[in-house]
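A look at the structure
Spelled out from the first residue to the last, the chains are:
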Amino acid sequence: MQKLFTKSLSRSLDPKGRLMLPPEYREALCAGAADGEQGTFWLTSFYGRLVAYLPADWEAVTKQLSRIRFPSPKLSHFKTKVMGLAQELAPDPQGRVRIPQSLMREAGLQKDVMLVGMLNKFEIWDQNRFDALQLEDVSEELAASGVDISL
């Protein structure tokens, strides 16, 4: 697994909804780009946050979602939101990306946001939503998933 996005930090959106990506993220986007690509990424919404994928990883997500032949209405709505809101973005020469209004609404983004590095992808949270996250005991879920880490 690529470890391109490991840093997490607070940022502010400008009045036009642009987010200044940190230099480490911009470098990671270029490192993750295929020859001739300019370091684009796909941004979509999952459960109240935005998730940014490199193009190859996004292709893998869409392939898996497309394999679901007869989804329930609940799963169909999930696919509609995730795939329907997805946008391919590229930083401008100053390292900013304009987050589309539809994604800002879906994630409840205001002015202050938190970028969270998740190794091969990164998340964008509204700062207040991120601060309100509660850590709960997930030891049983970790064990059921075969994850054995010392907490």
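Up top is the structure these notes are about.
Residues numbered from 1 in each chain as written. Predicted model: local features only at pLDDT ≥ 70, side-chain atom pairs only at ≥ 80, totals over all residues. Heavy atoms only, no water.

Before going further, it helps to examine the sheet that holds strand β7 (residues 112-117). One open sheet accounts for six strands, arranged β1-β7-β8-β4-β3-β5; its pairing is antiparallel. Looking at the sheet topology across the chains shown, the edges are occupied by β1 (9-12) and β5 (87-89). Ignoring which end each strand starts from, the neighbouring axes of this sheet average 30 degrees apart. In terms of strand pairing, strand β3 (residues 41-46) meets β5 through three bridges, oriented antiparallel. In the sheet register, L43 faces β5, and the bridge partner there is Q87. On top of the sheet, helix α1 (residues 23-31) reaches β1, β3, β7 and β8 (121-126); it is set at about 50 degrees to β7, its chief contact. (Pairing = 2+ DSSP bridges. Helix = DSSP H or I, 4+ residues; strand = E, 2+ residues; numbered from the N terminus. Axes fitted to C-alpha atoms, helices over the stretch in contact; angles between N-to-C directions. Contact = heavy atoms within 4.5 Å.)

This brings us to the pattern of salt bridges. With the rule as written, the count across this model stands at six salt bridges. A salt bridge links K7 to E24, with the shortest nitrogen-to-oxygen separation between them at 2.8 Å. In this pair, K7 is assigned in the segment before β1 and E24 in helix α1, connecting sequence segments 17 residues apart. According to the relative accessible area criterion, E24 is partly exposed, its value standing at 35%. Two residues, K81 and E106, come together in a salt bridge whose shortest N-O distance is 2.9 Å. Here K81 is found in helix α3 (residues 73-85), whereas its partner E106 is found in helix α4 (residues 101-107), with 25 residues between them in sequence. (Salt bridge = Lys/Arg side-chain N within 4 Å of Asp/Glu carboxyl O. Buried < 20%, exposed > 50% of the residue type's maximum accessible area, 1.4 Å probe, protein only.)

By the definition in use, this model includes eleven aromatic pairs. Chaining the aromatic ring pairs together yields one cluster made of W42, F46, Y47, Y53, W58 and F78. (Phe/Tyr/Trp six-rings, centres within 6.5 Å; stacked < 30°, edge-to-face > 60°.)

Between its first and last C-alpha atoms helix α2 (residues 55-66) spans 16 Å; for twelve residues at 1.5 Å apiece the expected length is 16 Å, and the two agree. Restricting attention to buried positions, one finds in α2 the residues P55, W58, V61, T62 and L65. Projected down its long axis, α2 carries its buried residues within an arc of 115 degrees, all on one side. Opposite the buried face of α2, by more than 90 degrees, sit the exposed residues A56, K63 and Q64. Lining the buried residues of α2 we find β3, β4 (49-53) and α3. (Expected span 1.5 Å × (residues − 1). Arc of directions from axis to C-beta.)

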